[in-house]
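Geometric and topological summary
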Amino acid sequence: MTTETTIHDSIDKAATTVGSVWPIHSFVTANPLAGFEDLPFDRAVIQAADLLGGRGYPRPETYRAALEDGQIDPEILEAELAERGFEGDPESLLDRMDTDAEHDAPDTATERVDHVLTKWLADFIDEGRAEWAMPDREAGFYAAFRTVAEHDGDIPEEGIVRDLPETPLTAIERLLDPYPESQWVPILEEQLAALPGWTGFVKQRVEDGGDWQSAHPITLEGYLAARFALLDAFDVDIEPSTGPDSADADTVDELADAFLTAWEASYRSDVVEHVADESKLFTERESSGRPDAQLVFCIDTRSEVIRRHVEAAGDYETHGYAGFFGIPMEYQGYDDVAVDACPPILDPQHRISEVPTDDDTRASHATWTDLRETAGSAVKTLKTNPATAFGFVEQAGSGYGLALAARTLVPGRVADLFDTAEDAVPDGHEFCDQTVHHQHTYAGDLPVGLTHEEKVEYAATAFDLMGWAEFGRLVVFTGHASETTNNPYDASLDCGACAGNPGGLTRACSRPSVTTRTSRRRFASAASTYPRTPSSSPANTTRRPTRSNCSTATSPRATPTSSSSCARTSPPLARARRPSAPGRWTPAPRRVSARRNAAPPIGRRPAPSGGWPATPGSSSGHAP
């Protein structure tokens, strides 16, 4: 086995300790312990804390507050402590936890390495957002770094950085050569874990590929070669501080684990007991027949509040299901880039696109959109051009200040003003149809649309998993989205089951899966009451912290104040209660676009939005 092969294998092994992180435009939950899933939780926490830093367990004062609030059952805690060989009252054991443990002072030289490296990483992986592009990106990150390193005044002209080898593996080999092979993996682990957010992002980008990775390739080898060169230039010792087997549970960690286990067991016991009591009451309660309406929400904690108020407003039944509603697809809105509207752990199986059907409305949309983008581009140029930036700031500063004050003091009125302006521009749903039905064509390697059999199977699976035995007169699939300003984490506020995209992309596709004639026959054989003319409607909830409105079909923006107000603002549900009503309802669709949550295509600038560049962070495995 050659040295380069050994280094490559060592990098692959070391990289398993850092989990993948998705781009900030599709930001979803990342597990910081993803690289330790083969270990028991207590050992995983200890090793991750040693390698990545941070605390794996709550602080003693957190446990103390939980005990005082009765959230930890004393008997369960006593049993957990006795199992681990601890004696004494909980208060004295909490005092034994060393909350004032001294931490090593940060290494200034290492911080300078991190600063320089993240600067060039952000420029390289900007995905079209940087005004001044990093040179030689087409040749890869390491080659581009070689080009700019000699011109960077922040990098000392010392060590290997003065004459970087042509290949990253050669550079890594030269810097690892003084160390035995048995230390290579620990050394690489520490350097990859130094910036876990960037490492995780590079891993995800390499694994998923894509247009940007093809245009501007980056590898873990190139990333490590640049980091090792900077460490050498700043004279930072890379000898590993811990070996692979150096993290053992100590007394403090064992105590913390005992308290956490008891806390979890106490909570689990209370939940099971409460659910059992409610289930008993539910079975004893006389059934009122078919519900007037059934609403399906994403299994998102923010949906629970809406569900409780909807159920309290009348004979309405709510259910929870992943916000992509079981349809793994790639979705492309009109004039938008394609996005994966399914969980990141799934691969899309279908391509759904918006196809224009009304030429006049499309022309109006194009006119207004071009005007808006031209104006936005002009403003952005004035802000970023060195010749105009200072003058523009001086002249426009008062206007921006007034706008900031208005958004702070009267956010609801400002939101209404922007909604009115946006409504003047026809949206894609007004002149486009979705290619939900099977088109007998492919977009790349994905079939366009769904066959009848696939529609029925997806819908049947959803209803089976939700345990439906009967169907109401109105069935509503409710997606959710968010509206936010100048927040780099805006994708995390959207639907995680849709990979950080608005849930509205998928909920409309669920209707044809439910209302086809084949679906009716399939469901009628499984359910006791399936309506001959079911009314299925897509809806979308948009969360904006400015106004209260409980109509889950139109756009609830905050928690309603009471169930009675919810009933007053939900006419579609009220109509469903009248047997004579047709039960058919088409809401005014919210403006849901994937553009702000997706990187622009190669060679195209992103629309001016005031957002931050897509740069994952340097700590805790997440974006900044």
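Residues numbered from 1 in each chain as written. Predicted model: local features only at pLDDT ≥ 70, side-chain atom pairs only at ≥ 80, totals over all residues. Heavy atoms only, no water.

**Considerations on the state of the cysteines**
Note the following rule: Disulfides are defined as cysteine sulfur pairs within 2.5 Å. Type-normalised accessible area, obtained with a 1.4 Å probe on protein chains alone, sets the label of each residue: buried when under 20%, exposed when over 50%, and partly exposed for intermediate values.
Overall, the coordinates contain 0 disulfides when judged by the stated rule. Free cysteine cysteine 342: the closest other cysteine sulfur is in cysteine 498, separated by 8.3 Å. Overall, the relative accessible area of 0% leaves cysteine 342 in the buried class. Taking the relative accessible area as the measure of exposure, cysteine 498 reaches 0% and is therefore buried.

**Quick look at helix α4 (residues 74-83)**
It helps to recall that an α-helix has 3.6 residues per turn; residues three or four apart then point in one direction. Rules: Put simply, DSSP marks the helices as runs of H or I at least four residues long and the strands as runs of E at least two long, and each gets a number from the N terminus on. Note: the arc covers the axis-to-C-beta directions of the helix. Working rule for contacts: check all heavy atoms of both residues, and any pair within 4.5 Å makes them a contact.
Taken together, the buried positions of α4 are Leu77, Glu80 and Leu81. The arc that holds the buried residues of α4, viewed along the axis, is 95 degrees, so those residues lie on one side. Structural note: α4 exposes Glu75, Glu78, Ala82 and Glu83 on the side pointing more than 90 degrees away from its buried face. Contacts made by the buried residues of α4 are with α3 (60-68), α5 (90-96) and α13 (251-284). Just beyond α4, the residue with positive phi is glycine 85, at close to 85 degrees.

**Things to note about the sheet that holds strand β5 (residues 350-356)**
Rules: Criterion used throughout: strands pair if DSSP finds at least two bridges between them.
Pairing within the open sheet is mixed, and its 4 strands lie in the order β4-β3-β5-β6. Strand pairing shows two members of the sheet lacking a second neighbour, β4 (339-340) and β6 (432-434), which therefore form its edges.

**Regarding a negative patch on the surface**
Convention followed: Each patch groups residues whose relative accessible area exceeds 30% and which form no salt bridge, using 9 Å between like charges and 5 Å between nonpolar side chains of Val, Leu, Ile, Met, Phe, Trp and Tyr. For the accessible areas, the method is Shrake-Rupley and the probe is 1.4 Å, while residue cover comes only from the protein chains on display. Whenever Lys or Arg places a side-chain nitrogen within 4 Å of a carboxyl oxygen from Asp or Glu, that contact is recorded as a salt bridge. As used throughout, the charge tally considers Lys and Arg to be positive and Asp and Glu to be negative, leaving His and the chain termini uncounted. Where a charge lies is defined by one atom per residue type, namely NZ (Lys), CZ (Arg), CG (Asp) and CD (Glu).
Where like charges cluster on the molecular surface, the negative patch consists of Asp73, Glu75, Glu78, Asp270, Glu273, Asp277 and Glu278. Counting only elements with at least two residues in the negative patch, the list comes to α4 and α13. Take glutamate 278: its relative accessible area is 39%, and that puts it in the partly exposed class.

**Some remarks on the pattern of salt bridges**
A side chain of one charge can pair with a side chain of the opposite charge when the charged atoms of the two come close. On inspection of all chains with the given rule, the structure shows 14 salt bridges. Of the charged contacts in the structure, one is a salt bridge between aspartate 292 and arginine 473, with a shortest N-O distance of 3.4 Å. Residue aspartate 292 is located in the loop between α13 and β1 (293-298), and its partner arginine 473 is located in the loop between α19 (452-466) and β9 (474-482); the two are separated by 181 residues in the primary sequence. By relative accessible area, aspartate 292 is classed as buried at 9%. One connected set of salt bridges, linked through shared partners, spans Arg64, Glu91 and Asp95.

**Brief notes about the pairing of β5**
Note that strand β3 (residues 329-332) and β5 share 4 bridges and pair parallel. By the bridge assignment for β5, methionine 329 is matched with histidine 350.

**Some details on the confidence of the model for the protein**
Basically, it comes down to this: Scored from 0 to 100, pLDDT reflects the predictor's confidence in each residue.
In this model, the protein carries an average pLDDT of 79, and 77% of its residues clear a pLDDT of 70 or more. When pLDDT is averaged over each helix and strand of the protein, the minimum, 31, is found for helix α23 (residues 563-568) and the maximum, 95, for helix α12 (residues 220-233). Within the model, pLDDT remains below 50 along residues 243-249, and this stretch shows 10 contacts once partners closer than five positions in the same chain are excluded. Across residues 603-624, where pLDDT falls below 50, the model places 59 contacts with residues more than four positions away in sequence or in other chains.

**Considerations on the packing of aromatic side chains**
To keep it simple, the criterion reads: Each Phe, Tyr or Trp ring, with Trp reduced to its six-membered ring, pairs with another whose centre is within 6.5 Å; inter-plane angles below 30 degrees give stacked pairs, above 60 give edge-to-face pairs, and intermediate values give tilted ones.
The tally for this structure, following the rule as stated, stands at 12 aromatic pairs. Arranged with centres 5.4 Å apart and planes meeting at 85 degrees, the rings of phenylalanine 325 and phenylalanine 477 form a pair that is edge-to-face. Here phenylalanine 325, found in the loop between β2 (316-321) and β3, pairs with phenylalanine 477, found in strand β9; they are 152 residues apart in sequence, far enough to count as distant. As far as the burial class goes, phenylalanine 325 and phenylalanine 477 line up, both buried. When the ring of tyrosine 334 is compared with that of phenylalanine 431, the centres are 5.0 Å apart and the planes differ by 90 degrees; the resulting orientation is edge-to-face.

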